[in-house]
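Structure assessment
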Amino acid sequence: MTDALISSAYSQALEVIASVEPRIAAATRQELADQRGSLKLIASENYASPAVLLTMGTWLSDKYAEGTVGHRFYAGCQNVDTVETVAAEHARELFGAEYAYVQPHSGIDANLVAFWSILAHRVEAPALANLGAKNVNELTDADWETLRHELGNQRLLGMSLDAGGHLTHGFRPNISGKMFHQQQYGTDPETGLLDYDAVAAKAREFKPLILVAGYSAYPRRVNFAKMREIADEVGATLMVDMAHFAGLVAGKVFTGDEDPVPHAHVVTTTTHKSLRGPRGGMVLATEEYAPSVDRGCPMVLGGPLSHVMAAKAVALAEARQDSFRGYAQKVADNAQSLAEGFTSRGARLVTGGTDNHLVLLDVTSFGLTGRQAESALLDAGVVTNRNSIPADPNGAWYTSGIRLGTPALTTRGFGHDEFDRVAELIVHVLANTQPGTTKAGGPSKASYALGDGVAAKVKDASAELLDKHPLYPGLELS
Ligand code: PLP
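Below you will find a few notes about this structure. (Residues numbered from 1 in each chain as written. Predicted model: local features only at pLDDT ≥ 70, side-chain atom pairs only at ≥ 80, totals over all residues. Heavy atoms only, no water.)

1. Concerning the pairing of strand S10 (residues 281–285)
For S10, the buried fraction is high: five of the five residues fall into the buried class. Burial along S10 is two-sided: the residues Gly281, Val283 and Ala285 and Met282 and Leu284 are all buried. In this sheet, S10 lies alongside strand S9 (residues 266–270) in antiparallel orientation, the contact comprising five bridges. Along S10, the bridge assignment pairs threonine 269 with methionine 282. (Buried < 20%, exposed > 50% of the residue type's maximum accessible area, 1.4 Å probe, protein only. Helix = DSSP H or I, 4+ residues; strand = E, 2+ residues; numbered from the N terminus. Pairing = 2+ DSSP bridges.)

Following this line, the structure appears as C-alpha cells:
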C-alpha cells in the first residue's frame, strides 16, 4: 500500500466522520498527534498497521453471526464464515495450535470463555453423562441445583496481582475471584522470580481444577513444561494467558518450554498487545477442549465482532511474515537495553532485569509512589503506567512501581541507543521529582513537584528520538 493511498483513505474517512460529528473526527485526529508526539512505553499497547486499522472500519460490523462457522443462528453469514475461517486458520498455523477460537471481544472475554469451557468439559459434561442427559435443559430442577452448586464451587490457582498476574487470574474483586474458590501463588520474596517448587507445593495442597499461568507485569519468561507437570500431578487443567507475550510466541522468541501452546490445555490471548493486531481476544485449545471452547457463544458471548475478526486475520497474516520474527526479537533485545539503561544508572528493577518485553521499575528508591512517578513522567511526555510490585507497601492504587514495555516503540523503529536514552530521560525525571505533602502537612502518595525546566528538557530530547522514528511515516492527513 502506498503512503498516498493510506493518507487519502484516512483523510477522506475523517471528512465523512466530521460531516456527522466533528468532535469525534477532531478527537481522532488529536489522538494521532498525541501518539506521534509521546514516548509510549505502556507494555500492553502497540501500533497496529494501517491494513489492520482499515479492516475494522467496514460494513462487516453490521452483521450478526452468533454461532460458529457453518452453524449460525442468523441467515446470510457466508462472508463472516470466510472471515472467521481465515482468522482461525492463521491462528492455528502461526501458533501450531490444534484449535483456535477467534470470537472473543477482548482478553477478559477470552478468559471467561476459557473458564466456562473448562468447567463445561471437566464438571458439566461428566455430570450430564452420569444423569443420562444431553444438555442442562433435560435436567430436573433438583439435578440442576446440584450441578449449579458444583459448577460454582471449583478451585482456581493463579498468579497474584502484585507478583504480576492479571485481575482475571483469581483476584477477589474480579469475577474470577468470586466464581472460583481461589488461591494465588506469588514470587520468591528475595529474587522476585517464580518458584516452581512453591507453586507445586501450593497446588498439591489446594488441588485446583484450573492452574493459570501467564502474567501482565512479570518481567521474566515462564517454563510452561514445568507448569504442565505441576498441573498433571494434581489433575488440574493448565490454562495459559499469553495476552502480553503472544507476539514473542508468534515471533518464535519463546520456543520449547517457553512456548505455552504445546504444553497448555487451553491458551488465551489478546490480539492487540505484542501481537500488534486489533483490540480483541482469542482462545487456542487442544482437540480435547475444542468442542467446549467452540460453545463460547452462546455460553459466554453474543454476536462476534466480524469486522474485528477480519482485522485479526490481517494481523495474524502479518505475524506469519518473516519480518515479524525480526520485530519480536527486537522487542526482547530492546527490553534488555532498557533494563541495562536503568540498572547502569543505579535504578532498581524487580528481579534485577528482564528477559521478555517489559521491565518493572521500583520507584521507592527515588522516594516516590508509582502514582507520583507516572504523573511526573506524563508531564514530561513519557506515557507509562503505575504497577504494584511484590509485597507492595503502597497497595494497588498508589503502587510502588512503573511498568514499561518495548513493543510500541520497537514498532516505530527504536533500537538499543534510543532505549538507553529513554532510560536516561526517565531516571532524570524521577530524580528531579519531589514527593508532595497532604493539606494536613503529611506525606502525600499522589502529589509531587517536578523540577523547573525538567519537563521541557525531556520533551525536547524525546522529540529528537520521535522525529527520527515517525509513527505511520508517510501518513499525512489533509
Ligand atoms: N490477560 C492479561 C494477562 C492482560 O494483561 C490483560 C489486559 O491487560 C487481559 C487479560 C485483559 O485484556 P482486555 O483488556 O482485552 O480485556
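2. Some details on the nonpolar core
Nonpolar side chains in soluble globular proteins tend to end up buried together. Core analysis: the biggest nonpolar cluster contains 60 residues, and Phe95, Tyr185, Leu211, Met227, Leu275 and Leu284 have the highest contact counts within it. Looking at this core, the element that brings in the most residues is helix H4 (residues 78–95), giving seven residues. Both of domain 1 (60–319) and domain 2 (322–468) provide at least three residues apiece to this core. Each residue touching phenylalanine 95, except ones within four places of it in the same chain, is listed here: Met242, Ala246, Val249, Ala250, Val261, Leu275, Met282, Leu284 and Leu316. (Core = buried A, V, L, I, M, F, W, Y, C linked by side-chain atoms within 4.5 Å. Domains from an automatic or database assignment. Contact = heavy atoms within 4.5 Å.)

3. Here's the deal with the site of the ligand
In the vicinity of the ligand lie 13 residues, with Gly107, Ile108, Ser216, Asp241 and Lys273 positioned nearest. Between aspartate 241 and the ligand, the recorded distance is 2.6 Å, taken from a side-chain N or O atom to a nitrogen atom. Take histidine 244: an N or O atom from its side chain is 3.5 Å from an oxygen atom of the ligand. For the ligand, the protein covers 83% of the area, taking 400 Å² as the surface of the free molecule. Taken together, the residues of the shell around the ligand break down into three nonpolar, eight polar and two charged. (Near = heavy atom within 4 Å. Polar contact = N/O pair within 3.5 Å; in protein donor to acceptor, adjacent residues only side chain to side chain. Areas by Shrake-Rupley, 256 points an atom, 1.4 Å probe, with all protein chains shown as cover. Nonpolar A, V, L, I, M, F, W, Y, C, P; charged D, E, K, R; others polar.)

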